[in-house]
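The residues making up each chain are set out below.
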Amino acid sequence: LDQLVRCLQRGNDWARPAVAERLVELLAEVDQDGREAVLGALRAAVGNKSPEVRILAAGTLAAEGDSRATKALAAQLKDGTDEVRDACAAALASLGEAAIPATVFALGDRNPKARARAAALLGELGANATGDPPAELVDGLQRAAGDSDEAVRQAALASLEALDLDLPEDDA
């Protein structure tokens, strides 16, 4: 197991996807300590050089309900590969309310695509929240509605509207 984890982190680019797949297979075979090691390796693999590995890691972490992966997943909302961004957003959505703090934090990313994706995702997370959407989510979306980037503003406003929340007042 340790060798597989090291190979995933520092192995040859061509071997990483196969190593990641083997680690996922091992989840069903290892004890709790081994499971924690595999999940830890997959959380780190969300930032791997290989898009295939990043996608596999995101999907597996979501399937396993690993809420400790939210920061790593939210950090990849700015990934240069659409499929990776989609996989990470889907993983965050499946983790539900546990993903809200990391997704709100992503609203502060320098990358406007990451901010727009986070704003849209917060609408989905808020819609699926038990009870009213958390104040942190509402505050984040209201701040994002004033973002310097048009796509971020539109995503935030659409999320606020979908959640039937108050839109921020114009300062004019």
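Source: prediction; values computed, not measured. (Residues numbered from 1 in each chain as written. Predicted model: local features only at pLDDT ≥ 70, side-chain atom pairs only at ≥ 80, totals over all residues. Heavy atoms only, no water.)

*Asks:* Honestly, the side chain of Thr70 in this entry has me stumped. Any pointers?
*Replies:* Secondary-structure assignment places Thr70 in helix H5 (residues 70-75). Judged by its relative accessible area of 9%, Thr70 is buried. Here the side chain of Thr70 touches Ser67 through a polar contact of 3.4 Å, landing on its backbone oxygen. (Helix = DSSP H or I, 4+ residues; strand = E, 2+ residues; numbered from the N terminus. Buried < 20%, exposed > 50% of the residue type's maximum accessible area, 1.4 Å probe, protein only. Polar contact = N/O pair within 3.5 Å; in protein donor to acceptor, adjacent residues only side chain to side chain.)

*Asks:* What exactly am I supposed to notice about the environment of Asn48 here?
*Replies:* Relative to the helices and strands, Asn48 resides in the loop between helix H3 (32-45) and helix H4 (51-63). Among the residues examined, Asn48 registers a relative accessible area of 9% and is labelled buried. A sequence separation of 56 residues divides Asn48 from Val104, and the C-alpha atoms of the two residues are 23 Å apart. Beyond its immediate sequence surroundings of up to four residues, Asn48 is in contact with Leu8, Arg16, Val53 and Arg54. (Contact = heavy atoms within 4.5 Å.)

*Asks:* Help me understand the environment of Ala62, please; the structure alone is not making it clear to me.
*Replies:* Tracing the chain through its elements places Ala62 in helix H4. Separated by 25 residues in the primary sequence, Ala62 and Ala87 have C-alpha atoms spaced 9.4 Å apart. Sequence-distant contacts of Ala62, defined by excluding residues within four places in its chain, comprise Ala91, Ser94 and Leu95.

*Asks:* In this structure, what is going on with H3? I would like to understand it.
*Replies:* Side chains three or four residues apart in an α-helix point the same way, a direct result of the helix having 3.6 residues per turn. Look at H3: 20 Å from first C-alpha to last across 14 residues, which is about the 20 Å you get at 1.5 Å a residue. Every buried residue of H3 is accounted for by Gly34, Val38, Leu39, Ala41, Leu42, Arg43 and Ala45. Among the structural elements, helix H1 (2-10), helix H2 (16-26), H4 and H5 are those in contact with the buried residues of H3. Where H3 begins, one side-chain oxygen reaches toward the backbone nitrogen of Asp33, 3.3 Å away; that side chain belongs to Asp31. (Expected span 1.5 Å × (residues − 1).)

*Asks:* What's the story with the side chain of Arg85 in this structure? I'm lost.
*Replies:* Along the chain, the position of Arg85 falls in helix H6 (residues 82-95). Look past the residues within four positions of Arg85 in its chain and what remains in contact with it is Gln76, Leu77, Lys78, Asp79, Gly80 and Arg117.

*Asks:* Would you mind showing me how to read the pattern of salt bridges here?
*Replies:* Proximity of charged atoms lets side chains of opposite charge pair with each other. The full count for this structure, using the stated rule, is 14 salt bridges. The salt bridge involving Asp13 is made with Arg16; its shortest N-O contact spans 3.0 Å. What makes Asp13 partly exposed here is its relative accessible area of 44%. Here Glu25 and Arg22 are joined by a salt bridge, their closest N and O atoms 3.2 Å apart. In this pair, Glu25 and Arg22 are both assigned in helix H2, 3 residues apart and thus about one turn of the helix distant. For Arg22, a relative accessible area of 31% puts it in the partly exposed group. The structure contains a network of salt bridges with shared partners spanning Glu36, Arg43, Asp66 and Arg68. (Salt bridge = Lys/Arg side-chain N within 4 Å of Asp/Glu carboxyl O.)

*Asks:* Is there a simple way to think about the packing of H1 against H2 in this case?
*Replies:* Axes are the key here: two packed helices are described by the angle between their axes and the distance separating the axes. At a minimum axis separation of 9 Å, H1 and H2 run at an interaxial angle of 145 degrees. Remark: the crossing between H1 and H2 carries left-handed chirality. For the pair H1 and H2, contact is made by Leu4, Val5, Cys7, Leu8, Gln9 and Arg10 and by Arg16, Val19, Ala20, Arg22, Leu23 and Leu26, respectively. In terms of residue class, the contact of H1 with H2 is built from 8 nonpolar, 1 polar and 3 charged. (Axes fitted to C-alpha atoms, helices over the stretch in contact; angles between N-to-C directions. Left-handed = near helix turned anticlockwise from the far one by under 90°. Nonpolar A, V, L, I, M, F, W, Y, C, P; charged D, E, K, R; others polar.)

*Asks:* Can you help me understand the environment of Ala158 in this one?
*Replies:* Position of Ala158 relative to the elements: it lies in helix H10 (residues 150-162). The partly exposed category is assigned to Ala158, whose relative accessible area is 46%. Sequence separation of Ala158 and Ala145 is 13 residues, and the distance between their C-alpha atoms is 9.2 Å.

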